Amino acid sequence: MDFIEELRWRGMLHDMMPGTDDQLRKEMTSGYIGFDPTASSLHIGNLATIMLLVHFQRAGHKPFALVGGATGMIGDPSFKASERSFLDEDTLRFNQEGIRKQLEQFLDFDCGANSAEMVNNYDWFKEMGFLQFLREAGKFLSVNYMMSKDSVKKRLETGISFTEFSYQLLQGYDFYHLYKHKNIRLQMGGSDQWGNITTGTEIIRRKEGDEDGYFKAYALTTPLLTKSDGSKFGKSEGGNIWLDAAKTSPYEFYQFWLSQSDEDSPRYLRVFSFKNKEEIEALESRHAEAPHLRVLQKALAEELTIRIHSQKAYELVLKASEVLFGKATLETLQSIELDEFDTIFDGVPQTEITREEWNECLNVTDLISTVTKSEVYASKGEARRAIQQNAVSVNKVKVTSADQSRSDFTLLQESFLLISKGKKNHLIKVV
């Protein structure tokens, strides 16, 4: 696979230094991307750069992931409106371990010569004194050069601390250190990182010299993803979409991809999918014939949910979708295992009642008004009218009479009962 051509047809190539393509064609090349451990999980905003490393390795090159234990203590000012809060060492170490586990889902760390590696810049900065850093890095870049970077220019109006101003020196020195000790020739990242990345190539050039214009280190960036309306990609109403199931459930994760627009989905499929060009174009043709089937969205949601969570999580998500929005039957509900209820009904309004309250309930009207503490219907009268209008289901079975006995309804796994009010669901949990 030709790495650059792969990026081009996928729309993942924004900019690269002259000679980058020649270097990659000449030999197996080591390249890296940095991730600041500001959280214990990566989010889908990081996925585009992760996919750069994935395609890099699939093309036969050696990928490195740098987790910035040192730079994470400062925070990158690039296109940020204000300075980040500092994180302590314990938090950073915890975050680094979480990120490593997630990267192992994408990169092969045991495949021979081009096995992926992870490095932490805290390892080479922790023993370096301030004066040594000034001599090793600060001496080789002028203030004019550093101020010319767009990431710095945009912050001069609102103010930038010396700490953040020096960030590009730290990232630039990372590249120099990895060039010297790991023979890394390429740094990659999002297009907002171009200034920081080229700072590294400049430090290498000035410290190592060049030969007749021959570059020893290279830079490559991928476009920052936005939605077709120009808004930022990767956010939902609840905030970031995380790769950690504890922060964003597999169901929420799946639904995020399923909800993407027809305009955006072809681009996202090219960036985030392992599918090749022919497979993606075939999916696009099928989608064009029947857009209402959401072929592109379902393909992407399936692939990413399985890759990031698991096949089992994906199957559970489908079951949840069928229960909450599809034409699920009583048999479907009865097939839900006890340990699956919390996942499937995450976010669904719930009422807990005691076993005694359950036993005292005489009919379905009591069940959906009094017992649910009026959270489904405010009164018995409102519940009766809804039943008469054929708008109430219990365990996906339509209620035909307001006086129907409670004993007609069996608890799922001896603990749960699902009440559906039109398309809205409410779960009763007997404890």
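The model shown is predicted, which means the values in this text are computed figures rather than measured ones.

Draft legend 1. Main features of the overall build of the protein chain. Helix and strand counts for the protein chain come out as 21 helices and 13 strands. Each principal axis of the C-alpha distribution contributes one length, and for the protein chain these read about 90 × 45 × 40 Å. Taken across its 431 residues, the protein chain has 52% of its residues classed as buried. Long-range pairs, those at least 24 residues apart, make up 73% of the contacts in the protein chain between residues at least 6 apart in sequence. Roughly 20,500 Å² of accessible area belongs to the protein chain as shown, and the carbon and sulfur atoms make up 48% of that amount.

Draft legend 2. Broad picture of the sheet that holds strand 6 (residues 218-222). Spatial strand order, 1-6-5-2-3-4: 6 strands in an open sheet with mixed pairing. The two strands at the open ends of the sheet, each matched to only one other strand, are strand 1 (15-16) and strand 4 (117-120). The pairing of strand 2 (residues 30-35) with strand 3 (residues 62-67) spans 6 bridges and is classified as parallel. Looking at strand 3, one finds that Tyr-32 is bridged to Phe-64.

Draft legend 3. A look at the sheet that holds strand 10 (residues 392-394). The strand order 9-13-12-10-11 describes an open sheet built from 5 strands, whose pairing is mixed. One side of each edge strand has no neighbouring strand; the edge strands of this open sheet are strand 9 (350-353) and strand 11 (397-398).

Draft legend 4. Summary view of the nonpolar core. Ranked by internal contacts, the top residues of the largest apolar core, which has 70 residues, are Phe-3, Ile-44, Leu-47, Met-188, Trp-257, Phe-272 and Phe-345. It is helix 3 (residues 47-58) that contributes the most residues to this core, 8 residues altogether. Once you skip the residues sitting within four places of it in the chain, Phe-3 turns out to touch Leu-24, Leu-52, His-55, Phe-56, Ala-59, His-61, Met-188 and Leu-220. Core analysis: the second largest hydrophobic core is formed by 26 residues, Tyr-32, Phe-64, Trp-124 and Met-128 among them.

Draft legend 5. Representation of the packing of aromatic side chains in the model. Per the counting criterion, the structure on display carries 17 aromatic pairs. Centroid distance Tyr-32 to Phe-175: 5.7 Å. Interplanar angle 70°. Geometry classified as edge-to-face. Of this pair, Tyr-32 sits in strand 2 while Phe-175 sits in helix 10 (residues 167-182), placing them 143 residues apart in sequence. The two residues Tyr-32 and Phe-175 agree in class, both being buried. Ring geometry for Phe-341 and Phe-416: centres 4.1 Å apart, planes at 10°, overall stacked. Here Phe-341, found in helix 18 (residues 341-344), pairs with Phe-416, found in strand 12 (residues 416-421); they are 75 residues apart in sequence, far enough to count as distant. Classification of Phe-341 by relative accessible area gives buried; the value is 1%. Positioned above the aromatic ring of Phe-274 is the side chain of Arg-307, whose terminal nitrogen or guanidinium carbon lies 4.0 Å from the ring centre.

Draft legend 6. Region of the structure containing the pattern of salt bridges. Inspection of every chain in the model, using the stated rule, returns 18 salt bridges. For Glu-6, the salt bridge is made with Arg-10, and the minimal N-O distance between the two is 2.8 Å. Residue Glu-6 and its partner Arg-10 are both found in helix 1 (residues 3-10); the two are separated by 4 residues, about one turn of the helix. Comparing Glu-6 with Arg-10, the two get one shared label, buried. Of the charged contacts, one joins Arg-205 and Glu-202 as a salt bridge, the two residues approaching to 2.8 Å between their closest N and O atoms. Placement of the pair is Arg-205 and Glu-202 together in helix 11 (residues 194-208), with a separation of 3 residues, close to one helical turn. A relative accessible area of 13% places Glu-202 in the buried class.

Draft legend 7. View of the pairing of strand 13 (residues 424-430). Counting buried residues along strand 13, 5 of its 7 residues qualify, which places the element largely inside the surrounding structure. In terms of strand pairing, strand 9 meets strand 13 through 4 bridges, oriented parallel. Considered in strand 13, the bridge of Ile-353 is made with Val-430. In the sheet, strand 12 pairs with strand 13 via 6 bridges, with the strands oriented antiparallel. Counted as the bridge partner of Leu-418 is Leu-427 from strand 13. Counted along the chain from strand 12 to the antiparallel partner strand 13, the turn is 2 residues long, and its residue Gly-422 has a positive phi close to 65°.

Draft legend 8. Region of interest: a negative patch on the surface. A cluster of like negative charges, contributed by Glu-252, Glu-337, Asp-339, Asp-342 and Asp-346, occupies part of the molecular surface. Relative to the assigned elements, Asp-342 resides in helix 18. Using a relative accessible area of 56% as the deciding quantity, one classes Asp-342 as exposed.

Draft legend 9. Quick peek at a nonpolar patch on the surface. A cluster of nonpolar residues, Phe-130, Leu-131, Leu-134 and Phe-162, forms a patch on the protein surface that exposes about 460 Å² of accessible area. Per-element tally for the nonpolar patch: the top contributor is helix 6 (residues 130-136), with 3 residues. Turning to its location among the elements, Phe-130 is positioned in helix 6. Of the residues examined, Phe-130 reaches a relative accessible area of 55% and is grouped as exposed.

Draft legend 10. Highlighting the environment of Val-54. Within the secondary structure, Val-54 sits in helix 3. Note on Val-54: relative accessible area 3%, which makes it buried. Counting along the chain gives 54 residues from Val-54 to Asp-108, while the straight-line C-alpha distance between them is 8.8 Å. Those residues in contact with Val-54 that lie beyond four places of it in its chain are Phe-106, Leu-107 and Phe-274.

What counts as what
- The numbering scheme is per chain: residues are counted from 1 as the chain's sequence reads.
- Local features in this predicted model are restricted to residues whose pLDDT is 70 or higher, and side-chain atom pairs enter the listing and the counts only when it is 80 or higher, whereas totals over whole chains, interfaces and linings include all residues.
- Each side-chain value is derived from all of the structure's non-hydrogen atoms; neither hydrogens nor water enter the calculation.
- Only runs of H or I of at least four residues qualify as helices and only runs of E of at least two qualify as strands under DSSP, and these elements are numbered from the N terminus.
- Type-normalised accessible area, obtained with a 1.4 Å probe on protein chains alone, sets the label of each residue: buried when under 20%, exposed when over 50%, and partly exposed for intermediate values.
- Whether two residues touch is decided by their heavy atoms; if any such pair falls within 4.5 Å, the residues are in contact.
- Every accessible area reported is derived by Shrake-Rupley at a probe size of 1.4 Å, with residue values counting cover from the shown protein chains alone.
- A pair of strands is labelled paired if DSSP reports no fewer than 2 bridges between them.
- In this text, buried Ala, Val, Leu, Ile, Met, Phe, Trp, Tyr and Cys residues form a nonpolar core when linked through side-chain atoms within 4.5 Å.
- Only centres within 6.5 Å qualify two rings of Phe, Tyr or Trp (six-membered ring in Trp) as a pair; their planes then separate them into stacked at under 30 degrees, edge-to-face at over 60, and tilted for everything else.
- For a lysine, the NZ atom is tested; for an arginine, the CZ atom; a charge sits over a ring if that atom is within 6 Å of the ring centre and within 35 degrees of the ring normal.
- Think of a salt bridge as a Lys or Arg side-chain nitrogen and an Asp or Glu carboxyl oxygen that are within 4 Å of each other.
- Each patch is built from residues that are more than 30% exposed by relative accessible area and take part in no salt bridge. Like charges join if they lie within 9 Å; nonpolar side chains (Val, Leu, Ile, Met, Phe, Trp, Tyr) join within 5 Å.
- This count recognises Lys and Arg as positive and Asp and Glu as negative, with His and chain-terminal groups excluded.
- By convention, the point assigned to a charge is CZ for Arg, NZ for Lys, CD for Glu and CG for Asp.

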